[in-house]
Structures are given as structure tokens and as C-alpha cells.
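Residues per chain are reported as follows:
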Amino acid sequence: MADAIPTLAIMGHPNAGKSSVVATLTENDRIAIDKRAGTTTQADEFPVVIDGERIMAFIDTPGFQNPSQILEWFQTHRSERDLARAYLAVHGDDPLYQHDCALLRPVAEGAGIILVVDGSKRIKEKDRIEMELLRLTGRPRMAILNNLSKITKHMLAWQDALNKSFNAVREFNAHRATYAERIALLSALKTIDQRWEPMLDATIRAFERDWERRIDQSVTSILELLRRALSYRVTKVVKVEDIDSEGERERIRNLLTDAFQDGLRRLETETQDQIRAHFRHHVWALASDSLLHKDLFSEEVGRALGLNRHQLVLASTAAGAATGGAIDIGVGGLSLGLATLIGAAAGGVLGVISTAALAKIDIQRTLGVERFSIGPVTNPRFPFVLLDRVILYCARAMNWAHGRQAANENDPNRVPDREIKTKRGFTEELSPEDHKLLAKYFSAVRRGKGNGHEEAVRAIIKNILRGLSVDEIDSRAEL
Ligand SMILES: Nc1nc2c(ncn2[C@@H]2O[C@H](COP(=O)(O)OP(=O)(O)O)[C@@H](O)[C@H]2O)c(=O)[nH]1
Ligand SMILES: [Mg+2]
């Protein structure tokens, strides 16, 4: 088994965070994790699958029940070459030893060992027993310090104790580990068994390729969102006799504006679903004050994201796009072939920062009906806000550890999140040239074009996404 792909048995106390570590390393947020001890009752194998191929496996174990009993046996049978295998050969069929055997079986079959400890707790006698018995197995073994709370005063003692019995000791937080930290952990596994080196190198390369591909897929989803959102229109046709007053027209205009905004919200949600799938997330918890919780057209979102006014004017002017504000209302009577444009109005507003409408509403009369239509988006700020928010969503998808699942975020003892560098818009930090390029692209896309700038825009967005998963994200926001 272990000859085929690197296989590691995750061991440790119940509630040390074993299942969480496995969930994070295998990016599987459907692994059962529970506050109550004993959620994991048998050894389950969780493979890492890339391109349909199993490239390594982690075995989530239930944790030790009688470590002193196993240690005693190991100590009196030291002459055995392979203690785990010998233990199973003797006790394998005895129902009394079922639990210990289930625990040791993967090791007996050749798996390496990862011991997970909660570094925030004091080391107890039971821990020393576990360390010693794992040392006696003679297997390649690494220890992971998974700090479950803010308490760090025991960490040094753990480091000392673990260093004596393990080939490698690493801090790894199952709730906060980033992509880079996962790769670093896999790299460190190479040092505990040289025979795994080629396999793990291949595994790491596969991970890196896969990560790059997810970024590409996400950029594709984002470009698709921009294309769809910026060319989006809503039309409503009403019989002339049903419109008996200007008040009725006003009502229809409002309905149309609502439908338009709902449509844009829906496009955003669909894109978010795609991005979440690219990064293999099914569950997570958002902090209640997250910008991702806020309405796309809300004041907070409008204020926090997108370009500042100065940048926007520069970019829009260069792109030859309307800077908003000016909307020709009341060009009544303009003839459009058979149809007559009988009115135009501003539809929707974007946050507090924008004085410009989101889009223009036209009303045309033809053959006994009035055709109300809204869109595409004319507000020059909106695409930057939309882009920033979908990037923020990517940051969340890329940096949320799968082992965290939808953990209770209100625990006062929990380690605070690192903050993201850019609390405000990501696009705001781009160069004026990039702003112009984006503005040109947005204005072309509005007219159903935009292919000419697409490659350059793809490169800009890709570069931003790459920057979201840097090695040291020491300032990460509550996303
Ligand atoms: N705050 C925090 N909680 C964690 C972390 N790792 C695990 N937990 C929590 O500790 C509890 C036990 O975790 P679990 O992975 O099921 O432990 P297992 O019994 O060793 O498999 C769960 O409530 C987890 O959410 C961590 O890194 N940080
Ligand atoms: Mg478990």
C-alpha cells in the first residue's frame, strides 16, 4: 500500500484535531468533525485525488484508547523487527484489542505516521506514552503542533519533547493553514522518508499545477461574469391601455430596476458558486460583518470597493467612457424607426459614493405597446466594484482551510485571523495604465465587444489572484 502512494496515518488524542488536519490536507470539507470526542470511530482512508488519480492518502484514525497497554507490550517485545506488525499478528483476532488493532493496522501495513497534538495544552503522561510507542514502531514519523487556542506557553515544551521522538516537527494549524503552508508540510514529509521523495515531488508538482489551473478557471469565471453583467439588460413590454398614468410608468420603472439589480446579484452568486467549486469548498462560515454578506448595491460595498473618484475619472476619461452623472433624460419624441422613444430615466443607484445611475431606462412606444428596457450598466464604477468583490470572494475561497468547515467563529479563545493586506478594493492598487485598460475593456464589453483587451485583462486579474495566495499572508482579513 505505502509502496504505491505515500500513505500517512494520522494519530493522536481524540479531539486533537486529527480529522481537521486530514480535511485541510485533502481539501475535503465533508470529513466529519465534531466538538464531541469520538466522532471518528474507525480508520478511514482519505486520498488526495488530482485529475482522477490518487496521489497520496491520509488515514484518519480514532485516536489512542490504551496507549500504555500497547507501550508495555512494545517494551517487552523489543526484539521484534516490526512491532506494529507483530502486535497485530498476536492480537489481530482478539475482540478485546479491536480498537488498538484498528489504530495500528495502517502502520503495520506500511503507512508513515503523523502525530497531531494540541499544542495549547500542557503535555501529560499519556502524551509521553504515545510519543514513545510511536517512536518504537520505527516508522517514518512527523509531529504536527495544531494549536487549538490562543495559548502558546506550552509550545516550546512540546517542541522539545516531540523532537526527541519524531523525524520532523511542524506547526500546522488545521483551521488557518494556507495553500503555501500545505505545500510546505508536504515538502517536510520528504525528509522523514527519503524513499517518498520522488513521489512527494510529483505530488507537490501536481498540487502546484492544479492550483494554477484553479486560478485560471477562476479568471475565466470572472471574465464571464463581467461579460454577462456588463451586457445585461431587462425588458418589459406593457400594453398601452394598461398604462393609465405617469404613476403607473413610475411603478414599472421601479419594477424594472429591481429586476435588473436582482439579475446582477444572481450573476454574481452564480460566479461565486463556480469559484467555490474550483477551490472545492462546500461549507464555510462568514463573519457577520464580512463585505461578502453585504448587498452588492449597498453603501458599505460601494464605499469599500472599486476605484477612488480620482482614479475613476482618469481611467474613464482615457477609456472614452461616460463618467456618469450625465444621462439624457427626456429626449421624448425621438424617432427610432417604427418605435418612438418616449422617455428615459435613471435606474438604480450604486452605494453612497456614486452619483451616477447604474443604468438607463428607455421607454419606447410601438404598435400599441410600451417597451421598457434597462441596461446595460452605464455606471463606470460598478464594474470595478463587481470585480473587487469577486476577487474578495476568491481570496476567501483560496485561503479558507477545509478543516475549518463552518466552525463556530464566536469562540473567544480562538486564534484571530490574519488580515488581508488590501482591506479596500484590489483594483485600487493597480497602476493607472491597468485602470485604463480595465475601463476600456468594460466599456467595450458593454457594447458586446471587448475581445481585443481580453488577454491583457486576463493577465491583470490572474496576477491579482496569484497575489492572494502568497507564502506569508500576515495580514488577512475576516473575509
Ligand atoms: N480553533 C481551532 N479549533 C480546531 C482546530 N483543529 C481542530 N479544531 C476543533 O477541535 C475539535 C476536534 O477536532 P477534530 O478534527 O474532530 O479532532 P479529532 O478528534 O482529533 O479528529 C473540533 O471542534 C474542531 O473544530 C484548530 O486548528 N483551531
Ligand atoms: Mg476525528
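Structural data are supplied above this passage.
Keep in mind it's a predicted model, so treat the numbers as computed, not measured. (Residues numbered from 1 in each chain as written. Chains lettered and ligands numbered in written order. Predicted model: local features only at pLDDT ≥ 70, side-chain atom pairs only at ≥ 80, totals over all residues. Heavy atoms only, no water.)

Remarks on the site of ligand 1
Selection criterion: Only a single heavy atom is needed: when it lies within 4 Å of a molecule or strand, its residue is near that molecule or strand. Two N or O atoms form a polar contact when they lie within 3.5 Å of each other; inside protein one atom must be a possible hydrogen donor and the other a possible acceptor, and for residues adjacent in sequence the pair counts only when both atoms belong to side chains.
For ligand 1, the set of nearby residues contains 18 residues, the closest of which are N15, K18, S19, S20 and N173. One of the side-chain nitrogen or oxygen atoms of S20 is found 2.6 Å away from an oxygen atom of ligand 1.

Points about the packing of helix α12 (residues 382-399) against helix α13 (residues 432-446)
Our working rule: For every element, the axis is a line fit to its C-alpha atoms; helices are fit only across the contacting stretch, and the angle between N-to-C directions ranges from 0 to 180 degrees. The numbering of helices and of strands both runs from the N terminus, where a helix is a DSSP run of H or I of at least 4 residues and a strand a run of E of at least 2. Roughly parallel means an angle under 35 degrees; roughly antiparallel, over 145; roughly perpendicular, 65 to 115; everything else is oblique. Note on contacts: a residue pair qualifies if any of its non-hydrogen atoms lie within 4.5 Å across the two residues. All residues other than Ala, Val, Leu, Ile, Met, Phe, Trp, Tyr, Cys, Pro, Asp, Glu, Lys and Arg, Gly among them, are scored as polar; the first ten of these are nonpolar and the last four charged.
At their nearest, the axes of α12 and α13 sit 10 Å apart, and the two run at 105° to each other. Judged by the angle between their axes, α12 and α13 are roughly perpendicular. Side by side, α12 and α13 meet where P383, F384 and L387 of the first sit next to H435, L438, A439, F442 and R446 of the second. Residue composition of the contact of α12 with α13, grouped by class: 6 nonpolar, 1 polar and 1 charged.

Observations concerning the pattern of salt bridges
Stated formally: By convention in these notes, a salt bridge is any Lys or Arg side-chain nitrogen within 4 Å of a carboxyl oxygen on Asp or Glu. Each residue is placed in one exposure class: buried if its accessible area under a 1.4 Å probe, protein chains only, is under 20% of its type's maximum, exposed if it is over 50%, and partly exposed if it falls in between.
Enumeration according to the criterion identifies 32 salt bridges in this entry. For R182, the salt bridge identified is with E27, shortest N-O distance 3.0 Å. Here E27 lies in the loop between α1 (18-25) and β2 (44-50) and R182 lies in helix α7 (residues 179-192), a separation of 155 residues in the sequence. Residue classification places R182 among the buried residues on the basis of a relative accessible area of 5%. Among the residues examined, E27 registers a relative accessible area of 6% and is labelled buried. A salt bridge links E246 to R249, with the shortest nitrogen-to-oxygen separation between them at 2.8 Å. Linking E246 with R249, this pair stays in helix α9 (residues 246-278), spanning 3 residues, or about one helical turn. Overall, the relative accessible area of 46% leaves E246 in the partly exposed class. Judged by relative accessible area, R249 falls into the buried class, the value being 13%. Taken together, the shared-partner salt bridges in this structure form one network comprising E27, D51, R182, D210, R213, R214 and R280.

Some thoughts on the side chain of H99
Positionally, H99 belongs in helix α4 (residues 98-108). For H99, a relative accessible area of 19% corresponds to the buried category. Engagement of the side chain of H99 in a polar contact is seen with the side chain of Q65, the distance being 3.4 Å. Once you skip the residues sitting within four places of it in the chain, H99 turns out to touch P62, G63, F64 and Q65.

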